[in-house]
Amino acid sequence: MLSLLRRLFYPRPKSRSPWLIVVGCVTAIAITLLQPQPSAAATAQHYTDLEFPPLPEIQLPDSTRVELDNGMVVYLVEDHELPLVSGSATIRIGSRFEPTDKIGLAALTGELIRTGGTRDRSADEIDATLEQIAAAVETSIELTVGTASFSALSEDTDTVLTLFADILQHPVFDASKLDLAKNQFRGSIARRNDDPNEIADRELTKLIYGATSPYARTVEYSTLDNITRRDLIDFYTDHVSPDRIILGLVGDFDTKAMKQKVIELFGGWAATSNHELALPEVTPATVNGIYIVDRPDLSQSYVEMGHLGGLRNSPDYAQLGVMNNVLNGFGGRLFDEVRSRQGLAYTVYAAWSANYDYPGLFIAGGQTRAESTADFIRAIRAEIERIRDEAITPAELQAAKDKTLNSFIFNFADPDQTLSRLIRYEYYGYPSDFIFQYQRGIEATTIADVQRVARTYLTPEDLTILVVGNAAQVNPSLNSLDPDRTAQPIDISIPAAS
Amino acid sequence: MRSVNFWGVWSRGLADGWWRVVCITLMLGVLAVGGGLVLPSAALADRLPIQSYIDRTIANVTDFTLENGMRFIVLERHESPTVSFITYANVGGVDEPPGKTGIAHFLEHLAFKGTTRIGTTDYAAEQPLLDRLDELHREIKRKQAAGAAIDPDALAALKAEFEQVETAANSYAIQNEFGQIVQQAGGVGLNATTSADATRYFYSFPSNKLELWMSLESERFLDPVFREFYKEQQVILEERRLRTDNSPIGATIEAFLATAFTTHPYRHPTIGFAADIEGLSRDEVQAFFETYYVPNNLTVAIVGDVNPKQVRRLAKTYFGRYPAGPTPPPVTQVEPEQTAERSIEVRMQSEPWYIEGYHRPSLNHPDNATYDAIASILSNGRTSRLYSALVQGQQVALYAEGFNGFPGDRYPNLMLFYGLTAPGHSVDEVQAALHEEIQRIASEPVSEIELDRAKTQARASLLRSLNSNSGMASSLVNYQAKTGDWRNLFEQLKAIDAVTAADILRVARATFTDQNRTIARLLPLDAAANP
């Protein structure tokens, strides 16, 4: 909830998640080690004169998948590099399933599973036990997924895993902790207009998906007031059940012994959920408008523009990835043109951002001084038009593909990356080799493909444009963008509790 | 330290994530506890099973210094065929002359602009245009300074010529070619940060590209060309607007530092004042570069799948090309002891924040570990005193904590506390609750349980950091540059194990006094909105 504030002030939240979800972890990855290559020359060479040996084949760490009788799926990956163990339960749940008059219920439930105590242990007792041994358990429910994770020194595995199992299976949602959490949520509502970037993100999402869409709606004082402890218990009981959980464990343990331990701790948990959740429908709410949030105190305009996007399992996902690389990064068109050549912005981007199971966004933007707002928007739109209208050069294609292919190994630098990917793919119903399909898709992408996907998926005339900035300074220039459309004001004042 | 970095955007890869990185951070070191001088007592740490893992890591570290004084630290880790690099230039905001704030950070941006061979299609043709641009810029400044006496047509003509020459010069530039080469070769995490203490350049490569890093990084500082200077100036001004002018907390921190420090350059913003950024010229940045980017002021850490012997050979070949230079001038300003509480108020469109800082000695002071223990006991986790009292107990704050090393730790710095008011509570209530806890730690010994917890957490935190190439590169180079020996990254555990309740009482009592305190209150524009 306060992630924004914490991000502003301190990169690692300490209080809520002392080691912020060391989901999965470390390990002996079974990659054939590269033999040191003899230096080709004893004199310094320009980069163009260097040649490089190939990297070894990627080898995946050994993982074991078991399914308990109650339906819980468990992945185990041993990693003995350090005396650490960690794990993460992925729970089929999400705030997109909460009732419209109780927005905030899922997030509160996610938080209170951890902070509200259990049948046998008070919240304070849990905190004291964990922190004394530098261990952590954290739980949360986000838009499309719930997560419960832990991290411990391997010598404390039994203690922490026992607590973790207790927290997940027997939360009691202590009323005073719920009051505290609700008050914290009220505080974050009150602070949600303090950062112009947050305003732009939130309001553009609402414009595109619709203000009441589960993918855009926000917690309000009134929806918080509707939420009772009973609601949390019901939401938990309806959704958190072993048959809706994929548990991943990684670290310094013996697989057989750990499997036994998991059966001991989770095997007796009876499945309770019995209904399928239908994903909410997504339709574009706003197309092709210009909007402004008036902030007379700002010397910069925070610009975001976008339209509805797509899914990762689209056959064109890899080609769109290549397109993203042509537009972004060092040597990317937007960075080169809008930032370096024109000096219009520190941040500028335009990216196809797909999701696993609901349409993502095509989104572009950045910040620029108030007087150059229209120039900035024009410059970005020009690049969107250009990648549709003209074929990219062979050098651009090569650079864009190489960026992903030559850095591909970094997707396998730690065993926990492989583990969390396997779990994510299973959760969203993707094939387990999806990442390699993506790699092959990148390899096969042609110049014509990039232009085709740009023309198919990017529709500049549909872009909804949002500016957070000083309307008096910005409006005249915004109106020059399109004489037929004037910028519509958006009121972001926070509704009082009813 | 307040860090500002080169770019706010990264392109979206396969990994989950967002494509904007907002880096307004007050960063601590990589660990929850900082380092310090080594104390003799080492009993607890040596008994612990994790010590063998730390010893194993230490055994895999080698270091060497080239004849020109440039220092390298290498940690072998063969868990994956990847390697992380960091070049640490021992120069930051503190080294900037008055009126030239922001020059270290400006230089950091320009270090992405290429060399005589990278970033240009024809340097011989480009160079005279770059020089001419500087002349025109000086001429325009002179005329503008003359004010009303100047003929407006002459000024307009100069500006027109400036734009024309800039366009001509840009026609030779290959934008961001340096970064493009790195990324196309499979480099990830390419970025740089400038803080009050240091400038750090970093990225990671697949391990078959070790020599490519050697070639690119050595050429980068051997032969840099600060092209596109005037456009980059605009970019940096946008960065300043983003981080400071339009950021309530950024603006508050700038005003707070200018109040807490009266003499030491920690009082200046690393991003620079807008007028200073606008006033910088290319030859000033060049001169700053020549003074501070000498090999004996540079330290490199390389962590990952490498052969240390090969690293050494290549380093000599590539970085041995740097001519040795004189040791850069030290920072001479010494912050005088504070004699009375100072306080400022900033009003912006924001909910309230309460901030206060206390002067403390540098990283290398023997009490450093004690300060770390104090920060840990006050701030680390839900059982910490500030969270228990301010957030859970009295519920006056949404969040509150204190940490060391602000805005840097090479020099005497601040222990900084802050709290965000909870709904219906004021900054005065946050202050009162905070002072109650600070008074308590300065008047009663902490419990053994709390002290043990802080020590265990410090050990676990170091242990957890050992499996990250980039994290270890950053920590090793930081301790080498700031304490003179990378081993202090590990020795600090012994120092923290030696901290006693009496040490904490002594240090807290000396530090947490009214006269040693500077306060900032960030309040909404509309006073009525603050209950």
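Residues numbered from 1 in each chain as written. Chains lettered and ligands numbered in written order. Predicted model: local features only at pLDDT ≥ 70, side-chain atom pairs only at ≥ 80, totals over all residues. Heavy atoms only, no water.

Student: Any chance you could explain the sheet that holds strand 1 (residues 64–67) of chain A here in plain terms?
Tutor: The pairing of strands in a sheet happens through backbone hydrogen bonds and is either parallel or antiparallel. All names here are of chain A. Spatially, 1-2-6-3-5-4 is the arrangement adopted by the six strands of the open sheet, whose pairing is mixed. This sheet does not close on itself; its edge strands, each paired only once, are strand 1 and strand 4 (136–141). Strand after strand, the sheet turns through a mean of 15 degrees between neighbouring axes, direction not considered. Relative to strand 6 (residues 245–251), strand 2 (residues 73–78) is paired through six bridges, and the arrangement is parallel. For Leu76, the partnering residue across the bridge sits in strand 6 and is Leu249. Sitting on the sheet, helix 9 (residues 255–266) touches strand 1, strand 2, strand 3 (84–91) and strand 6, and the angle it makes with strand 2 is about 150 degrees. (Pairing = 2+ DSSP bridges. Helix = DSSP H or I, 4+ residues; strand = E, 2+ residues; numbered from the N terminus. Axes fitted to C-alpha atoms, helices over the stretch in contact; angles between N-to-C directions. Contact = heavy atoms within 4.5 Å.)

Student: Where do I start with the interface of chain A and chain B in this structure?
Tutor: Accessible area lost on assembly of the parts is the figure often given for the size of an interface. At the interface, 120 residues of chain A touch 119 residues of chain B. Taking both sides of the interface into account, the surface hidden between chain A and chain B amounts to around 10600 Å²; carbon and sulfur atoms contribute 56%. Our enumeration of links across chain A and chain B arrives at four salt bridges. The element best represented in the side of chain A that touches chain B is helix 5 (residues 175–190) of chain A, accounting for eight residues. Broken down by class, the residue content of the side of chain A that touches chain B amounts to 58 nonpolar, 32 polar and 30 charged. (Buried area = accessible area lost by both parts, 1.4 Å probe. Salt bridge = Lys/Arg side-chain N within 4 Å of Asp/Glu carboxyl O. Nonpolar A, V, L, I, M, F, W, Y, C, P; charged D, E, K, R; others polar.)

Student: Explain the pairing of strand 3 of chain A to me, please; I cannot follow it from the model alone.
Tutor: When a strand is regular, its side chains alternate between the sheet's two faces. Residues and elements named next belong to chain A. The buried count for strand 3 comes to eight of eight residues, which makes it a mostly enclosed element. Residues of strand 3 alternate between two faces, with Leu84, Ser86, Ser88 and Thr90 on one and Val85, Gly87, Ala89 and Ile91 on the opposite face, all of them buried. Two strands pair when backbone bridges link them, and strand 3 and strand 5 (residues 146–153) are joined in this way by eight bridges, in the antiparallel orientation. The residue bridging Thr90 from the neighbouring strand is Thr147, located in strand 5. Two elements, strand 3 and strand 6, share seven bridges in a ladder whose sense is antiparallel. Bridged to Ser88 within strand 6 is Gly248. (Buried < 20%, exposed > 50% of the residue type's maximum accessible area, 1.4 Å probe, protein only.)

Student: Any chance you could explain the pairing of strand 8 (residues 298–304) of chain B here in plain terms?
Tutor: Residues and elements named next belong to chain B. Burial within strand 8 is extensive, with seven of its seven residues counted as buried. Along strand 8, one buried face is formed by Leu298, Val300, Ile302 and Gly304 and the opposite face, lined by Thr299, Ala301 and Val303, is buried too. Bridge analysis of strand 4 (residues 71–76) against strand 8 gives six bridges, and the strand direction is parallel. Paired with Glu76 across the bridge in strand 8 is Gly304. In the sheet, strand 5 (residues 82–89) pairs with strand 8 via seven bridges, with the strands oriented antiparallel. For Ala89, the partnering residue across the bridge sits in strand 8 and is Leu298.

Student: Sorry, what's going on with the sheet that holds strand 8 (residues 300–308) of chain A here?
Tutor: The strand order across the open sheet formed by six strands is 9-10-8-11-7-12 (chain A), and the pairing between neighbours is mixed. Each end of this open sheet is capped by a strand with a single partner; those strands are strand 9 (348–353) and strand 12 (488–489) of chain A. Relative to strand 10 (residues 361–369) of chain A, strand 8 of chain A runs antiparallel, the two sharing nine bridges. Directly across from Val303(A), in strand 10 of chain A, lies its bridge partner Gly366(A). Relative to strand 8 of chain A, helix 6 (residues 196–209) of chain A is tilted by about 25 degrees, and along the sheet it contacts strand 7 (290–294), strand 8, strand 10 and strand 11 (464–469) of chain A. Across the sheet, helix 8 (residues 229–245) of chain B touches strand 8 and strand 10 of chain A, and the angle it forms with strand 10 of chain A is around 100 degrees.

Read these as spatial facts, not as claims about activity.
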